[in-house]
Amino acid sequence: MARLIIANNEAPSEADRIRSLRAFHIRQGDNLFAMPEEQFLNMFRMSKAAVVTVLEELSYTSLANIDFPLHLQLLSTLAYYATGKAYDTMVILGATRRSAKLCIIRVSKALSTSLWERYLNFPDNQQIVNFKRDFRSVAEISELIGCMNSMEVAVKRNIGTEVGFTRLDYGRQFMKVLIVCGPHLQVTHIIVQNSCTDTDWEIFRESTLCSALEYGTYDSSLLLVDSSYPSQPYFQRPHDNPVTLAQDMFNLSHYVTHQITNEVFSLLKRRFPCLENTMEPIFPNNLCIPVACAILHNVCLRWASPMPANNFNRPPAENDNDLRQHFHQQYFVEE
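Only a predicted model underlies this, so the values are computations on that prediction, with no experimental measurement involved.

A few points about the packing of aromatic side chains
Any pair of aromatic rings gets described here by the distance separating the centres and the angle formed by the planes. Scanning the model with the defined rule gives 9 aromatic pairs in all. Among the aromatic residues, those joined into a cluster by ring pairs are Trp-201, Phe-204, Tyr-229, Tyr-234 and Phe-235. Of note, Lys-48 hangs over the ring of Phe-40, and the distance from its end group to the ring centre comes to 5.8 Å.

Overview of helix α4 (residues 70-83)
Its 14 residues place the ends of α4 21 Å apart at the C-alpha level, agreeing with the 20 Å of an ideal helix rising 1.5 Å per residue. With respect to burial, α4 is a largely interior element, 14 of its 14 residues being buried. A positive backbone phi angle near 80° is found at Gly-84, which sits one or two residues after α4.

Quick look at helix α8 (residues 125-139)
Here α8 is 15 residues long and its end C-alpha atoms lie 23 Å apart, about the 21 Å a rise of 1.5 Å per residue gives. All of the buried residues in α8 are Ile-128, Phe-131, Lys-132, Asp-134, Phe-135 and Ala-139. One side-chain oxygen of the residue at the start of α8 lies 3.1 Å from the amide nitrogen of Gln-126, identifying that residue as Asp-124. Glu-140 sits one or two positions beyond α8 and adopts a positive phi of about 65°.

Topic: the pattern of salt bridges
All told, the structure shown has 8 salt bridges when counted by the stated rule. Across the pair Glu-280 and Lys-101 runs a salt bridge, and its minimum N-O distance is 3.4 Å. A residue pair is termed long-range when its members are at least 10 positions apart, and Glu-280 in the loop between α11 (245-271) and α12 (288-302) and Lys-101 in helix α6 (residues 97-114) qualify at 179 residues. Here Glu-280 falls in the buried class, since its relative accessible area comes to 16%.

The rules behind these values
Residues numbered from 1 in each chain as written. Predicted model: local features only at pLDDT ≥ 70, side-chain atom pairs only at ≥ 80, totals over all residues. Heavy atoms only, no water. Phe/Tyr/Trp six-rings, centres within 6.5 Å; stacked < 30°, edge-to-face > 60°. Lys NZ or Arg CZ within 6 Å of the ring centre and 35° of its normal. Helix = DSSP H or I, 4+ residues; strand = E, 2+ residues; numbered from the N terminus. Expected span 1.5 Å × (residues − 1). Buried < 20%, exposed > 50% of the residue type's maximum accessible area, 1.4 Å probe, protein only. Polar contact = N/O pair within 3.5 Å; in protein donor to acceptor, adjacent residues only side chain to side chain. Salt bridge = Lys/Arg side-chain N within 4 Å of Asp/Glu carboxyl O.

Here it is in structure tokens:
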């Protein structure tokens, strides 16, 4: 804890208290940056150089005017992205759970609103030529400017309860995250919805990107989608029932190119395990967290931040078959 030096037994003023707390938090943040690079990467999922880059971008936002130092706000939020739990944020900040969650939502919104124009944007007319060329080099499909796919992200919600052997509130809800990827594993567009009841197409057709494609903003450019989408002039779907060798070969090329989205999802979940584990809820909602993670993913790509070696605090998988086999050997051994 921060220690105040009080002269003449006088109570410290509010300004002295804030000054002392700021000095304490700055020292604590400096200690975190003093970690070895590998340990820092595994705990905060980004290299020190990438974190410093993000800090420079955030220094122009309102976060710089909050009592907690900016670098401590960012590191504590990255700790939440690493686990999906607010406990590590509480420890780093030395704050209550409520204050920790408030910090997480502030930083996530700042990332979503301040960095997207630089690090997450759909290709413009100058970039489209390069996108089409690079997509064609993957599996010879022409006119592509993006691959689209979706994933579900779980958020803890108390929608059930159990009383007897123990007292437990349980349950979770899902956000649907619709992502458009570029040829180099970058995220170029993201849509997050708080419910998974709608199909991907129902979500996408309400988006501004869909409107731009329908109005011909991108001329003959196409998005690569799976067979769950309807036929549209701006979609490149696989053949539903291929009957010729040429159609089979096209479907194979489609499959190979569409794997870009699966690789992006894998990278996102590995770097930010909160997208794979069940996240603690953040008031008012967690919608900006997948967006912030996608932006930070692009930052890491641009600045060549290495991938963490492990999935931080991943809960161990339980194999019920092993447990069942142990039970059989213990109690049902043939004599």
